[in-house]
Amino acid sequence: MTKDLFEFDLKYGTAVGGCDEAGRGPLAGPVVVAACKMPTGFIIEGINDSKKVSPIKREELYERIIKCAEYSISVIDEKTIDEINILQATKRGMSECICALKNANIVLVDAVKLDLQVKTVPIIKGDSLSYNIAAASILAKVYRDRLMLKMDELYPQYGFAAHKGYATKFHIEALKKFGPCAIHRASFIKNFVGELHEEG
């Protein structure tokens, strides 16, 4: 599968990068965006859409990717998400990451349309089709998961280590019991809680 993803990218040339995000849907925490340009002709076996890779394998691939790729990671916090909405926050992160790449003249993006000086191509389900987007999805997912593990230490009552801020039954019940904490997205949780009170 990895070879198929690599060959998909080669249709766009050799100076091609990829961009993807993690965390558009959660009730808490940032959205994390990564862009990367993997080296041409060097394939890391196992790279795929981060959702199709086990957490242990993702960690291994993350370390391998950052050793060989040109990459950039952007973190857009929950307050910004509330201010400008999640789509605009994602686009901001993507713009920052893509513009930071120096050696890509075209960047494939998972589904999002962007208007940048660098040529970008939105690819529907791109993380399952493009080697570079898949690599970026792994970078974004692992980076965000690590952030949420740190948040779990600060706010253990919400179980962030297990669900990473997504709307699981446990998370929603904890949110109703304890109210929101500082990293909850006010615009996302209004259906679950009434008047918002920051905790801690």
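Bear in mind the structure is a predicted one, so any value in this text is a computation, not a measurement.

**Looking at the sheet that holds strand β2 (residues 31-37)**
Logical step 1: One open sheet accounts for five strands, arranged β3-β2-β1-β4-β5; its pairing is mixed. With one partner strand each, in any of the chains shown, β3 (70-76) and β5 (119-123) form the two edges of the open sheet. If you compare each strand with its neighbour and ignore which way they point, the axes differ by 20° on average.
Logical step 2: Two elements, β2 and β3, share seven bridges in a ladder whose sense is antiparallel.

**Focus: the side chain of Asp 20**
Logical step 1: Locating Asp 20 in the fold gives a position in strand β1 (residues 16-22).
Logical step 2: One buried charged residue, Asp 20, forms no salt bridge at all, with the nearest opposite charge on Lys 51 at 5.8 Å.
Logical step 3: Filtering out sequence-adjacent residues up to four positions away, Asp 20 remains in contact with Val 32, Val 33, Ala 34, Met 94, Asp 110, Asp 127, Ile 133, Ala 136, Ser 137 and Ala 140.

**Structural notes on the layout of surface pockets**
Logical step 1: Quantified by volume, the largest pocket comes out at close to 180 Å³.
Logical step 2: Asp 20, Glu 21, Ala 22, Gly 23 and Lys 51 are, among the 14 residues lining the largest pocket, the residues nearest its centre.
Logical step 3: Only β1 and α5 (131-154) provide two or more residues apiece to the lining of the largest pocket.

**Considerations on empty space enclosed by the protein**
Logical step 1: With the rule as written, the count across this model stands at one cavity of 30 Å³ or more.
Logical step 2: Its boundaries defined by the atoms lining it, the largest cavity holds a volume of some 60 Å³.
Logical step 3: What lines the largest cavity is simply Phe 6, Asp 9, Leu 10, Gly 13, Thr 14, Val 16, Met 38, Pro 39, Thr 40, Tyr 131 and Asn 132.
Logical step 4: The biggest single contributor to the lining of the largest cavity is helix α1 (residues 2-10), with three residues.
Logical step 5: In terms of residue class, the lining of the largest cavity is built from six nonpolar, four polar and one charged.

**Examining the pairing of β2**
Logical step 1: Counting buried residues in β2 gives seven out of seven residues, a clear majority hidden from the surface.
Logical step 2: Side chains Val 31, Val 33, Ala 35 and Lys 37 project from β2 onto one buried face, and the interleaved Val 32, Ala 34 and Cys 36 project onto a second face that is buried too.

Quick notes on the rules
- Residues numbered from 1 in each chain as written.
- Predicted model: local features only at pLDDT ≥ 70, side-chain atom pairs only at ≥ 80, totals over all residues.
- Heavy atoms only, no water.
- Pairing = 2+ DSSP bridges.
- Helix = DSSP H or I, 4+ residues; strand = E, 2+ residues; numbered from the N terminus.
- Axes fitted to C-alpha atoms, helices over the stretch in contact; angles between N-to-C directions.
- Buried < 20%, exposed > 50% of the residue type's maximum accessible area, 1.4 Å probe, protein only.
- Lys, Arg positive; Asp, Glu negative; His and termini not counted.
- Salt bridge = Lys/Arg side-chain N within 4 Å of Asp/Glu carboxyl O.
- Contact = heavy atoms within 4.5 Å.
- 1 Å grid on protein atoms, 1.4 Å probe; cavity = no way out; pocket = protein on both sides within 12 Å on 5 of 7 lines; lining within 4 Å.
- Points joined across faces, edges and corners; volume = space filled by probe spheres on them.
- Nonpolar A, V, L, I, M, F, W, Y, C, P; charged D, E, K, R; others polar.

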